[in-house]
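# Examining the three-dimensional arrangement
If you want the building blocks of each chain, they are given just below.
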Amino acid sequence: MDCLFCKIIAGEIPSNKIYEDEKILCFKDIAPQADVHALVIPKEHICCANAVTKENSAAVAYIFEKIPEITKSMGITDYRIINNCGEGAGQTVKHLHFHILSGSNLNEKLV
Ligand code: AMP
Ligand code: ZN
C-alpha cells in the first residue's frame, strides 16, 4: 500500500519516535506548527476519521487512552489535539492521525 505513515510504521521511512507499542506510534511532525508538534497514529491502516467503524474504533479509543501518558512523557500538560478529515479539511496524509500541539504559540483558536 502506498501510504506514507504505513511506511513509517514499517520502518521503511525514518521517523523521530516518541512512543511506540504494538498498536500505535507517536512521532514528531516533520514540519512543526508549534513548539511541540507530534502525530499519533494507529498501526492499523485507517484512512481517516470517516473510516472509523465499530470494528476498528478500539484503535482510536486506545490512542486517546494513551495520550495522557505520552504527553506526560513529553513534559506537556496543556495541548491541542487536531484531526483533519478529508482534503477539504486539509488532510494530506490518508492514514488516520491526531496532531498533538503544545507550546507558547497556540494563542490563535479556531474553535
Ligand atoms: P495532515 O495535513 O493533517 O494530513 O497532516 C499530515 C502531517 O504529516 C503534516 O503535519 C506533515 O508535516 C506531516 N508529515 C508529512 N510527512 C512526514 C514525515 N515523513 N514525518 C513526519 N511527519 C510528516
Ligand atoms: Zn497507512
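Right, let's walk through the structure included here. (Residues numbered from 1 in each chain as written. Chains lettered and ligands numbered in written order. Predicted model: local features only at pLDDT ≥ 70, side-chain atom pairs only at ≥ 80, totals over all residues. Heavy atoms only, no water.)

### What about the nonpolar core?
Cut-off, in case you're wondering: Only buried Ala, Val, Leu, Ile, Met, Phe, Trp, Tyr and Cys residues count toward a nonpolar core, and they belong to the same one when joined by side-chain atoms within 4.5 Å. Under the scheme applied here, a residue whose accessible area is under 20% of the maximum for its type counts as buried, over 50% as exposed, and between as partly exposed, the area being computed with a 1.4 Å probe on protein chains only. Under the scheme used here, helices are H or I runs from DSSP no shorter than 4 residues and strands are E runs no shorter than 2 residues, and both carry numbers assigned from the N terminus. Pairs of residues are marked as contacts when any of their non-hydrogen atoms sit within 4.5 Å.
Of all hydrophobic cores here, the largest spans 16 residues; its most connected members are Tyr-19, Ile-24, Cys-26, Val-40, Ile-63 and Ile-100. When residues of this core are traced back to their parent elements, those giving at least two are strand S2 (24-28), strand S3 (36-42), helix H2 (57-74) and strand S5 (98-102). No other element matches the six residues that H2 contributes to this core. In this structure Ile-100 touches Val-36, His-37, Ala-38, Val-40, Ile-67, Thr-71, Ile-76, Tyr-79 and Arg-80, once residues within four positions along its chain are discounted. Counting residues in hydrophobic clusters, the runner-up holds 10 residues, among them Phe-5, Ile-8, Leu-25 and Val-93.

### Overview of the site of ligand 1
Definition in use: Residues are counted as near a molecule or strand when any one of their heavy atoms sits within 4 Å of it. Polar contacts here mean pairs of N or O atoms no more than 3.5 Å apart (in protein, one a potential hydrogen donor and the other a potential acceptor; neighbouring residues in sequence count only if both atoms are side-chain atoms). Surface exposure here means Shrake-Rupley accessible area, sampled with a 1.4 Å probe, where a residue is shielded only by the protein chains that are shown. Any residue that is not Ala, Val, Leu, Ile, Met, Phe, Trp, Tyr, Cys, Pro, Asp, Glu, Lys or Arg is counted as polar, Gly included; the first ten are nonpolar and the last four charged.
The immediate surroundings of ligand 1 are formed by 16 residues, with Asp-29, Asn-84, Thr-92, His-97 and His-99 found nearest. The contact in question runs from a nitrogen atom of ligand 1 to an N or O atom on the backbone of Ile-30, over 3.1 Å. One of the backbone nitrogen or oxygen atoms of Gly-90 is found 3.0 Å away from an oxygen atom of ligand 1. Against a free-state accessible area of 500 Å², the protein chains account for coverage of 84% of ligand 1. Those elements giving two or more residues to the shell around ligand 1 turn out to be helix H1 (4-10) and S2. For the shell around ligand 1, the element with the highest residue contribution is H1, accounting for three residues. Looking at the shell around ligand 1 residue by residue, the class counts come to eight nonpolar, six polar and two charged.

No statement about biological role is implied by the geometric values presented.
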